[in-house]
Amino acid sequence: MSEPIIVVGAGPVGLTAALELARRGVPVRIVDRLAEPTTESRAIIVHARSLEMFERLGLVDELVRAGVRTTAMEMHSDGEVVARIALDLVDSPFPYSVTIAQTETERILTEALAGHGVTVEREVTLTGLTQDEHGVQVVLEHADGRRETAGTSWLVGADGGHSKARRLVGSALEGRFKGEKFLMGDVNAEHDLDPHSMYTFFSPHEGPLLVFPMEGDRLRLIANIPTTEQRTATREWLQQVVDARAERPIRIRDARWLTVFEVHHAQVPAYRIGRVLLAGDAAHVHSPAGGQGMNTGIQDAHNLAWKLALVSRGEAAPALLDSYHAERHPVGAQVIQFAGTLTRVGTLANPIAQKLRNKGMQLLTALAPVRQAMADRTEETAVAYRKSPIVVQGRGRGELHAGDHLPAAGPELRAVLAGAHEHVLLTVAVDAPAPAPVPGVPARQLLVAPTVTADTASAGYDAVFQDPDGHTATRYGLPNGGRIMVRPDGYVAAIAPLDNDAPLHTYQALLQP
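Residues numbered from 1 in each chain as written. Predicted model: local features only at pLDDT ≥ 70, side-chain atom pairs only at ≥ 80, totals over all residues. Heavy atoms only, no water.

### Here's the deal with the overall build of the chain
- Tallying secondary structure elements over the chain gives 14 helices and 25 strands in all.
- On C-alpha atoms alone, the chain measures out to a radius of gyration of 24 Å, which is about the 24 Å that the 2.2 N^0.38 rule sets for 513 residues.
- Overall, the C-alpha framework of the chain stretches about 70 × 60 × 35 Å when taken along its three principal axes.
- Expressed as a percentage of contacts within the chain between residues at least 6 apart in sequence, the contacts between residues at least 24 apart total 70%.
- Accessible surface computed for the chain: about 20,700 Å², of which carbon and sulfur atoms make up 53%.
- Computed over 49 positive and 60 negative side-chain charges, the inter-centroid distance for the chain is 4 Å. (Helix = DSSP H or I, 4+ residues; strand = E, 2+ residues; numbered from the N terminus. Rg over C-alpha atoms; globule rule 2.2 N^0.38 Å. Contact = heavy atoms within 4.5 Å. Areas by Shrake-Rupley, 256 points an atom, 1.4 Å probe, with all protein chains shown as cover. Lys, Arg positive; Asp, Glu negative; His and termini not counted. Charge placed at Lys NZ, Arg CZ, Asp CG, Glu CD.)

### Observations concerning the pattern of salt bridges
- Enumeration according to the criterion identifies 30 salt bridges in this entry.
- Between Arg414 and Glu55 there is a salt bridge, and its shortest N-O distance comes to 2.8 Å. Highlighted residues: Arg414 in helix H11 (residues 411-419) and Glu55 in helix H2 (residues 48-56), separated in sequence by 359 residues.
- The class for Arg414 is partly exposed, based on a relative accessible area of 26%.
- Here Arg248 ties to Asp192 by a salt bridge, and the two come within 3.4 Å at their closest N and O atoms. (Salt bridge = Lys/Arg side-chain N within 4 Å of Asp/Glu carboxyl O. Buried < 20%, exposed > 50% of the residue type's maximum accessible area, 1.4 Å probe, protein only.)

### Thoughts on the sheet that holds strand S9 (residues 125-132)
- In spatial order, the strands read S9-S10-S11; together these three strands make up an open sheet with antiparallel pairing. Unpaired on one side and paired on the other, S9 and strand S11 (147-152) mark the two borders of the sheet. This sheet shows a mean twist of 20 degrees between the axes of neighbouring strands, independent of strand direction.
- Alignment of strand S10 (residues 135-141) against S11, held across six bridges, turns out to be antiparallel. Bridged to Val138 within S11 is Ala150. (Pairing = 2+ DSSP bridges. Axes fitted to C-alpha atoms, helices over the stretch in contact; angles between N-to-C directions.)

### So, the packing of aromatic side chains
- Counted by the stated rule, this structure contains five aromatic pairs.
- Ring geometry for Tyr271 and Tyr324: centres 5.6 Å apart, planes at 50 degrees, overall tilted. One end of the pair, Tyr271, is in the loop between strand S17 (250-267) and strand S18 (272-273); the other, Tyr324, is in helix H8 (residues 322-346), with 53 residues separating them in the sequence. The two residues Tyr271 and Tyr324 agree in class, both being buried.
- Each ring, one from Tyr385 and one from Tyr491, has its centre 4.4 Å from the other, and the planes form 40 degrees; the classification is tilted. Of this pair, Tyr385 sits in the loop between helix H10 (368-379) and H11 while Tyr491 sits in the loop between strand S24 (482-486) and strand S25 (492-496), and the two are 106 residues apart along the sequence.
- Residue class for Tyr385 comes out buried when judged on its relative accessible area of 5%.
- Stacked on the ring of Phe202, the Lys or Arg Arg357 has its end atom at 4.1 Å from the ring centre.
- Directly above the aromatic system of Phe338 lies the positively charged group of Arg377, at a separation of 5.0 Å from the ring centroid. (Phe/Tyr/Trp six-rings, centres within 6.5 Å; stacked < 30°, edge-to-face > 60°. Lys NZ or Arg CZ within 6 Å of the ring centre and 35° of its normal.)

### Let's talk about the side chain of Glu106
- Along the polypeptide, Glu106 turns up in helix H4 (residues 102-114).
- Here Glu106 is buried and forms no salt bridge, its nearest opposite-charge partner Arg122 lying at an N-O distance of 5.3 Å.
- Of note is the side chain of Glu106, whose polar atom sits 2.7 Å from the side chain of Gln102.
- Not counting the four nearest positions on each side in its chain, Glu106 is found in contact with Ala10, Gly11, Pro12, Leu15, Pro37 and Thr38. (Polar contact = N/O pair within 3.5 Å; in protein donor to acceptor, adjacent residues only side chain to side chain.)

### Some details on the nonpolar core
- Judged by nonpolar contacts, the single largest core of 86 residues is most densely connected at Ile30, Phe54, Val138 and Met485.
- The element best represented in this core is helix H7 (residues 293-312), accounting for 10 residues. (Core = buried A, V, L, I, M, F, W, Y, C linked by side-chain atoms within 4.5 Å.)

### Section: the side chain of Glu380
- Its place among the elements puts Glu380 in the loop between H10 and H11.
- There is a polar contact of 3.2 Å between the side chain of Glu380 and the side chain of Thr296.
- With sequence-adjacent residues up to four places away left out, Glu380 is seen in contact with His47, Arg49, Ser50, Gln292, Asn295, Thr296, Gln299 and Val335.

### A few points about the sheet that holds strand S12 (residues 155-157)
- Pairing is mixed in the open sheet, where six strands are placed in the order S8-S2-S1-S12-S19-S18. Where the open sheet ends on each side, the last strands, each with one partner, are strand S8 (121-122) and S18.

### Side note on the packing of helix H1 (residues 12-22) against H7
- Interaxial distance between H1 and H7 falls to 8 Å at its minimum, and their mutual angle equals 25 degrees. The angle between H1 and H7 places the two elements in the roughly parallel class. Between H1 and H7 lies a crossing of right-handed hand. On H7, the residues touching Pro12, Val13, Thr16, Ala17, Glu20 and Leu21 of H1 are Met294, Gly297, Ile298, Ala301, His302, Ala305, Leu308 and Ala309. (Parallel < 35°, antiparallel > 145°, perpendicular 65-115°, else oblique. Left-handed = near helix turned anticlockwise from the far one by under 90°.)

### Details of the pairing of S25
- With respect to burial, S25 is a largely interior element, five of its five residues being buried.
- Note: S24 against S25, four bridges, orientation antiparallel. Residue pairing in the sheet places Arg483 in a bridge with Ala496 of S25.
- Between the antiparallel neighbours S24 and S25 lie five residues, among them Gly490 with a positive phi of about 90 degrees.

Following this line, the structure appears as structure tokens:
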């Protein structure tokens, strides 16, 4: 592990990957072709599942303070609300999204990374890449024209939709290449919108207008426009679009950032190409509908980094990295499908189809299960890896399955789990005496039990939590007790009854180098 892992791209995805590696003691370099961090607000929504990931990084409080909590989404058409989804339906300690400029997200991550002694190497461009079974050789071009040849055991390509890393390994995006075009503005405006909701205004003659209130009087505005449109973005044009589509008064006072951009719905066929791992927009691109692009990329980075750390330290076989593709590629495909569906629904041109859409949305979102499913999908709390090759199939008596994200169960236990860098083996004991720790499974062992003796606390458990009302046991579907192996990204690797440790040893065998 003498040569640092190289991360290409210092956006939120690359910064997250580098930070996750650095905090686990893995040497890392992060390079970016830009001379300075972007001043453009770009991606602005951080959803609940990503907030859970930021909690593991110790950054969630700062992120929430710097943004605006968004607790609902509304869809408007023909002067009425055709759907309203409360986001606090989700099973998360963060039942909301945070609306925050990407510049702030990057600042928070960059400062945290610097706390681990890693700074972004700027004006450094990846221009060459070769690899074999032993490592990767890259050519990096610096601002002064100097060309550096560097070796690394692994390279993470997080350099965006026009990824150089992706091109250099011979990969390409595959998908629907009929593009969609958008006019977008980050503006200050006078309005009477609820600052804690995000809005979609369906237009009878044009595409939808998406509105995201930000801090103060700041708004993010995104409007579909014809792909044939060639105009440059201006405040006057954006105001015309807003006047035509928004059903609430919005008066733009000044524009912080205006742009026209085109996107496609596409994905690479493989997230791992030898010793190169692709993440974020380098691996998948789609429309901004649903606001899930950056979130999916951040979760790519969380999924990848703990596995890459284990492999780099020689504690797991390189084959573990195949599970990165197996787990995250289907998630990327689902996000692309979801964004495409939202776009198609929002751009219906036929008046009859529009009326059917509006009525259908009203009827469906009147049903609690539909509202729940939409909130879960939006906040990405429904993401699970039940079919993963490194998940040991099993479940408790409740809804918790191996491959699911472990639900929160009390602030004390959550704090310990969130602060863990490595695996945690959670033992839920309903009756005293508490069971003995599991031998041969190298993981931090936590005990939740209604009665615990001092001897138990010192017999191999790192921490002990009381569960006098059986809340945790019930929450995890283990009324008679059991054990849960929790991965470093918060997902359940295995569930085992107290009288059978075999699932835990099976999982451990999957990680063996």
